[in-house]
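Residue-level structure breakdown
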Amino acid sequence: MTPATPLYALHERIWHWLQATVMVLLIVSGLAIHYPDRFAIFGSLAVALKLHTWLAGALIANAFLGVFYHLTAEKYHHFLPRMEDFTGAAVRQARFYLYGIFKGEKHPLQTDSRRKLNPLQKITYLALLNILLPFQIVTGVLLWGADRWPKLFDRIGGLWLLGPAHTMGAYLFLAFLIGHIYLATTGPSSAALFREITTAPLHVAENRPD
């Protein structure tokens, strides 16, 4: 048996918290843009817009680095659901979150460094990374380019369409963030999974190399 190893490597934990921080700041700056009277925490609308633009660029760059790492290190399998993940495995995982966890039942999936995500996480991240994130990037870039490409902007639908669409995407990201934080409290203790992804990762014994 190989020695126990961390579930998440240091660079994975750094990447995770960079992405989380940028996502939260994007949501906050977005609120400051939509509701400048209620969330005037950046001083002015112009500052909030500039910050939101820079943060969006940072999110895209960090996401690209994440994709590059998972492809070159051949770790993309963590995010690829199997057929069973869409059927029986997903049902078992959902039952655990909705019922079993409150009865003290054992988690249906034992994670290790080769299988870090449960079926529902795989499906969620598949939709998040391949549908919601590109949607948010495209609508955000089009809004940013309203003064640069006015004809294209008007042809696509203008502010009345792209504005609500981008806002809807932001609220979906917020819903994911709230759910993500809640599920992070469902480990062996309410703080165990937070320690795992920060400074004191849990260690797991493995029978095969990563």
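One structure accompanies this document, and this report is about it.

Conventions adopted
- Residues numbered from 1 in each chain as written.
- Predicted model: local features only at pLDDT ≥ 70, side-chain atom pairs only at ≥ 80, totals over all residues.
- Heavy atoms only, no water.
- 1 Å grid on protein atoms, 1.4 Å probe; cavity = no way out; pocket = protein on both sides within 12 Å on 5 of 7 lines; lining within 4 Å.
- Points joined across faces, edges and corners; volume = space filled by probe spheres on them.
- Helix = DSSP H or I, 4+ residues; strand = E, 2+ residues; numbered from the N terminus.
- Nonpolar A, V, L, I, M, F, W, Y, C, P; charged D, E, K, R; others polar.
- Axes fitted to C-alpha atoms, helices over the stretch in contact; angles between N-to-C directions.
- Parallel < 35°, antiparallel > 145°, perpendicular 65-115°, else oblique.
- Left-handed = near helix turned anticlockwise from the far one by under 90°.
- Core = buried A, V, L, I, M, F, W, Y, C linked by side-chain atoms within 4.5 Å.
- Buried < 20%, exposed > 50% of the residue type's maximum accessible area, 1.4 Å probe, protein only.
- Contact = heavy atoms within 4.5 Å.
- Expected span 1.5 Å × (residues − 1).
- Phe/Tyr/Trp six-rings, centres within 6.5 Å; stacked < 30°, edge-to-face > 60°.
- Polar contact = N/O pair within 3.5 Å; in protein donor to acceptor, adjacent residues only side chain to side chain.
- Salt bridge = Lys/Arg side-chain N within 4 Å of Asp/Glu carboxyl O.

On to the layout of surface pockets. Of the pockets and cavities examined, the second largest pocket occupies roughly 1,100 Å³. Among the elements that line the lining of the second largest pocket, the one with the most residues is helix α2 (residues 45-72), at nine residues. Classifying every residue of the lining of the second largest pocket by side-chain character gives 22 nonpolar, 10 polar and three charged.

Here we take up the packing of helix α1 (residues 10-34) against α2. Each packed pair of helices is defined by two parameters, the angle between the axes and the distance between the axes. The N-to-C vectors of α1 and α2 enclose an angle of 155°; their axes lie 9 Å apart at closest approach. Judged by the angle between their axes, α1 and α2 are roughly antiparallel. For the crossing formed where α1 meets α2, the hand is left-handed. Grouping the constituent residues of the contact of α1 with α2 by class yields 17 nonpolar, seven polar and one charged.

Here the focus is the nonpolar core. Membership of the largest hydrophobic core comes to 15 residues, with the highest contact counts inside it found for Val22, Leu26, Leu59, Tyr125, Leu128, Leu133 and Phe173. Of all elements in the fold, only α1, α2, α4 (119-144) and α6 (158-183) reach the threshold of two or more residues within this core. The residues touching Leu133, leaving out its near neighbours within four places in the chain, are Leu59, Ala63, Leu128 and Phe173.

This brings us to α6. Each α-helix turn comprises 3.6 residues. Residues three or four places apart therefore point the same way. Along its 26 residues, α6 runs 38 Å from first to last C-alpha, staying within 8% of the 38 Å computed at 1.5 Å per residue. For α6, every residue scored as buried is listed here: Gly158, Leu162, Gly163, Ala165, His166, Thr167, Gly169, Phe173, Phe176 and Leu177.

Now for the packing of aromatic side chains. For the coordinates displayed, the defined rule picks out five aromatic pairs. Between Phe96 and Tyr97, the aromatic rings sit 5.8 Å apart at their centres with planes inclined by 55°, giving tilted as the arrangement. Phe96 sits in the buried class, given a relative accessible area of 6%. Relative to Phe176, the ring of Tyr125 lies with its centre 5.9 Å away and its plane at 70°, an arrangement referred to as edge-to-face.

Under the 1.5 Å per step criterion, the end-to-end length of α4 is 36 Å for 26 residues, consistent within 8% with the ideal 38 Å. Those residues of α4 that fall on the buried side of the exposure criterion are Pro119, Lys122, Tyr125, Leu128, Leu132, Leu133, Gln136, Thr139 and Leu142. Where α4 is buried, its residues contact α2, α3 (88-98), α5 (150-156) and α6. The N-capping residue of α4, defined by a side-chain oxygen 3.0 Å from the backbone nitrogen of Leu120, is Asn118.

So, on to the pattern of salt bridges. Summed over the entire model, instances satisfying the criterion amount to one salt bridge. The partner of Arg95 in a salt bridge is Glu105, and the shortest N-O contact between them spans 2.8 Å. One end of the pair, Arg95, is in helix α3; the other, Glu105, is in the loop between α3 and α4, with 10 residues separating them in the sequence. Taking the relative accessible area as the measure of exposure, Arg95 reaches 41% and is therefore partly exposed.

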